Amino acid sequence: MKSSSIFPAIWRKRLAVVLAVLIAIALTSCNPTEFRTTAAQVPQVVVSVIQDPDTFNYALGHQLPNIFGLTFKGLTTVNGITGELEPELAESWKFSEDKLRVVFTLRENLKWSDGYPLTVDDVVFTYNDIVFNKEIPTDLRDYLKIGKSGAFPQVEKLDDRRVEFIMPQPFSPFLATTTGDSSSAIAILPKHALEASVRTKDTNGNPQFLSTWGTDTDPTKIVVSGPFKLESYTPSQRLIFRRNPYYWRKDAQGNPQPYIEKYIWQIVESPETSLIQFRSGGLDIVSASADNFSLLKREEERSNFTIYNGGTAFGTSFITFNLNKGNRNGKPLVDPIKSRWFNTVAFRQAVAYGIDRQTMINNFLRGLGELQNSPIESQSKYYLSPKEGLKVYDYNPQKAKELLLGAGFKYNNKNQLLDEKGNRVRFTLMTPSGGTNRGRITAQIQRDLSKIGIQVDLQFLDFSTLIEKTSNSLEWECYSGGFIGSGIEPNDGANVWLTEGGYTILIKHHRQDKHPSKDEKLPIGNKRLLISLFKEHRSLIKVSAKRFTMNSNALPKSIYLTFT
């Protein structure tokens, strides 16, 4: 099941593992001659993506796919194999003894893709003028809200290569926020290319930055620091990236990296079409799922590719209840009767116990998955396993019924669940339309909960309608969705989990293509509780003598549920 079919990822938890793994391979282990084809005289990779990017502006992007894993870098990076932080634009860093100050030293002779020097001025500009700028609707700053007050660090230039960050108090996630991972961290942006747009206001009094580097911009004008730069963009067809000649990284022999000269995104909305194109040789990278794995495995040797199990990956699918007790125009956002159910802890626990995740693994993933029971990713050193004491909500319909009865619910002679006032327990579960597994999963949830007397009505909506309900009108009961993942550092999910995080506000205003004015009052906060179901999978990699291929949606999925 593709992450996009679970729930389009407009949150910043969005950098697909496929890009990180691809870059790691491209930069460190691949012979350029392996990528030559009869159609291309330069080393290139052709992949498919499901939709056009929403922006070329790193600070304003809110969806997958995006270009940022290829084009922008942070002060540090994460080793894709070990998970350890390593130098990127900064060659080193040093903390003070009290852990309140950290000084980064940039590499010598760094340059942007247009040849302009990349210096500490760009670092200070990125943080002080963009990330910490309240006039710019970016949830990048959520990752740097420190302590109860949500204070930001001070960022000061020491010289052209050294920059100092001064914390209001020790903040252990800080280094992880510098990795440039666009899903949870901060990449450095070019002052010489963007400063004027930040300083200049449009006719509505907002920074011109908000309309800068949209997808209508000439791609060759986008100034980047990563291994690839944009060469061309044909909407609904393709993006072509070209190797950035000024990217700093070189191999042990001094050869510039990446070795790949061109990286091409073919925009193919249908996974079935992508698979057909891959099998005919038109794509080097394709999505594999539990549904098509058997077919691909049979063809593996004959078609000269190898499938590698990438292991579990970051990401969560969930169902969520609307806990908002607010009113708008004198009308409750949620039916008060249903709101009482949703806000009852035992009711939510019963739903958690009432969903059979193992059957989902067996039926929809062909057994290729594992249970996990935490919002913290299992790859994280902060993950607590069930063996270490983590509470789990394994399938137990009898326990679910006991919880409901203990909370004042009751059953009639048809085994239908009623609340203490005799109201039939019934609610609507919304989900994005499209995607085979999404329909299967919600149908099973419907069946599972019927066994404990709850009637679930399924409602399939297009994404824009679902966003309107969950982020603007706030009139919804329950929906099934997904996050791309929080990464190995729990703080990576700050934009989602903080009460004043950018998730709800930025979704609302991003979809309306406007920025809130200073006097505008936002709607009532969208309180919700998540019952997580699925942990996303990592990419499969396919390598052959003739083609380099990697799957952006690999086989292994972990389905897990967490309750809060």
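Note that this is a predicted model, so its numbers are computed, not measured.

Broken down by element type, the chain carries 15 helices and 24 strands. Scored against the burial criterion, the 564 residues of the chain give a buried share of 55%. Residue pairs in contact within the chain that sit at least 24 positions apart in sequence constitute 70% of those at least 6 positions apart.

Let us look at unusual backbone geometry. Peptide bonds are, in most cases, trans, and in most cases residues other than glycine have a negative phi. The omega angle of the peptide bond from Gln 257 to Pro 258 is 5 degrees, so this bond is cis rather than trans. By the element assignment, Pro 258 lies in the loop between strand 9 (238–243) and strand 10 (262–267). Backbone geometry at Asn 415 places phi at a positive 65 degrees, although glycine is not the residue there. When you line up the elements, Asn 415 lands in the loop between strand 16 (410–411) and strand 17 (417–418). Assessed through its relative accessible area of 34%, Asn 415 is described here as partly exposed.

So, about the pattern of salt bridges. On inspection of all chains with the given rule, the structure shows 19 salt bridges. The residue Asp 159 makes a salt bridge to Arg 162 at a minimum N-O spacing of 2.9 Å. By relative accessible area, which is 29% here, Asp 159 ends up partly exposed. With a shortest N-O distance of 3.8 Å, Arg 302 and Glu 299 are connected by a salt bridge. Here the residues in one salt-bridge network are Glu 231, Arg 242, Arg 243 and Glu 261, joined through shared partners.

What follows covers the pairing of strand 10. Each regular strand shows side chains that alternate between the opposite faces of the sheet. With six of six residues buried, strand 10 is to be regarded as a mostly interior element. Two elements, strand 1 (residues 44–49) and strand 10, share six bridges in a ladder whose sense is parallel. Looking across to strand 10, one finds that Ser 48 is bridged to Gln 266. Of the strand pairs in this sheet, strand 9 and strand 10 are connected by five bridges, and their pairing is antiparallel. Within strand 10, the position partnered with Arg 238 by the bridge is Gln 266.

Before going further, it helps to examine the nonpolar core. If you look at the biggest cluster of nonpolar residues, it comprises 61 residues, and the most contacted ones within it are Phe 72, Phe 104, Tyr 127, Phe 165, Leu 239, Phe 241 and Trp 265. Per element, the largest residue contribution to this core is seven residues, and it comes from helix 4 (residues 120–131). Not counting residues up to four positions away in its chain, the partners in contact with Leu 239 are Pro 53, Phe 56, Ile 67, Leu 230, Ser 232, Tyr 233, Tyr 263, Ile 264, Trp 265 and Ile 267. One finds Phe 321, Phe 342, Tyr 393 and Ala 400 within the second-largest nonpolar core, a separate group that totals 33 residues.

This model, assessed by the stated rule, comprises two cavities of 30 Å³ or more. Here the second largest cavity defines a volume of roughly 40 Å³. Along its surface, the second largest cavity is lined by Leu 89, Leu 110, Lys 111, Leu 118, Ser 225, Tyr 246, Tyr 247 and Trp 248. Split by residue class, the lining of the second largest cavity holds six nonpolar, one polar and one charged.

Here the focus is the sheet that holds strand 10. Ordered in space as 1-10-9-8, the four strands form an open sheet in which the pairing is mixed. This sheet does not close on itself; its edge strands, each paired only once, are strand 1 and strand 8 (228–234). Strand-to-strand twist in this sheet, taken as the mean axis angle between neighbours without regard to direction, amounts to 20 degrees. Taken together, the six bridges between strand 8 and strand 9 define a ladder with antiparallel strand orientation. By the bridge assignment for strand 9, Ser 232 is matched with Ile 240.

Bringing the side chain of Thr 179 into the picture now. Structurally, Thr 179 can be placed in the loop between strand 7 (162–166) and helix 5 (191–199). Relative accessible area serves as the criterion here: at 10%, Thr 179 is assigned to the buried category. Excluding its chain neighbours within four sequence positions, the residues that come into contact with Thr 179 are Gly 74, Thr 76, Thr 77, Val 78, Leu 85 and Ala 185.

Below, the discussion takes up the sheet that holds strand 5 (residues 101–106). Taking strand neighbours across the sheet as the criterion, the four strands line up as 4-5-7-6 in an open arrangement whose pairing is antiparallel. Where the open sheet ends on each side, the last strands, each with one partner, are strand 4 (90–95) and strand 6 (154–157). The sheet shows a mean angle of 20 degrees between the axes of neighbouring strands, direction not considered. Of the strand pairs in this sheet, strand 6 and strand 7 are connected by four bridges, and their pairing is antiparallel. Its bridge partner being in strand 7, Lys 157 is matched across the sheet by Val 163. Contacting strand 5, strand 6 and strand 7, helix 4 crosses the sheet at an angle of about 160 degrees to strand 6.

Bringing the packing of helix 9 (residues 345–353) against helix 11 (residues 397–406) into the picture now. Running from amino to carboxyl end, helix 9 crosses helix 11 at an angle of 170 degrees, the nearest separation of the two axes being 8 Å. Taken together, the axes of helix 9 and helix 11 lie roughly antiparallel to each other. Residue-level contacts link Ala 346, Phe 347, Gln 349, Ala 350 and Tyr 353 of helix 9 to Pro 397, Lys 399, Ala 400, Leu 403 and Leu 404 of helix 11. Looking at the contact of helix 9 with helix 11 residue by residue, the class counts come to eight nonpolar, one polar and one charged.

Bringing helix 10 (residues 357–364) into the picture now. Taken as a whole, helix 10 has its buried residues at Arg 357, Met 360, Ile 361 and Phe 364. The arc that holds every buried residue of helix 10, seen down its axis, measures 105 degrees, which confines them to one face. You can read the cap of helix 10 off the contacts: a side-chain oxygen lies 3.4 Å from the backbone nitrogen of Gln 358, and it is on Asp 356. Phi for Arg 366, located one or two positions after helix 10, is positive at around 55 degrees.

Bringing helix 11 into the picture now. All buried positions along helix 11 are accounted for by Ala 400, Leu 403 and Leu 404. In an axial view of helix 11, the angular spread of the buried residues amounts to 100 degrees, which keeps them on one side of the axis. Looking at the packing, one finds that the buried side of helix 11 touches helix 9, strand 16 and strand 17.

What counts and what doesn't
Residues numbered from 1 in each chain as written. Predicted model: local features only at pLDDT ≥ 70, side-chain atom pairs only at ≥ 80, totals over all residues. Heavy atoms only, no water. Helix = DSSP H or I, 4+ residues; strand = E, 2+ residues; numbered from the N terminus. Buried < 20%, exposed > 50% of the residue type's maximum accessible area, 1.4 Å probe, protein only. Contact = heavy atoms within 4.5 Å. Salt bridge = Lys/Arg side-chain N within 4 Å of Asp/Glu carboxyl O. Pairing = 2+ DSSP bridges. Core = buried A, V, L, I, M, F, W, Y, C linked by side-chain atoms within 4.5 Å. 1 Å grid on protein atoms, 1.4 Å probe; cavity = no way out; pocket = protein on both sides within 12 Å on 5 of 7 lines; lining within 4 Å. Points joined across faces, edges and corners; volume = space filled by probe spheres on them. Nonpolar A, V, L, I, M, F, W, Y, C, P; charged D, E, K, R; others polar. Axes fitted to C-alpha atoms, helices over the stretch in contact; angles between N-to-C directions. Parallel < 35°, antiparallel > 145°, perpendicular 65-115°, else oblique. Arc of directions from axis to C-beta. Polar contact = N/O pair within 3.5 Å; in protein donor to acceptor, adjacent residues only side chain to side chain.

Keep in mind these values describe shape, not function.
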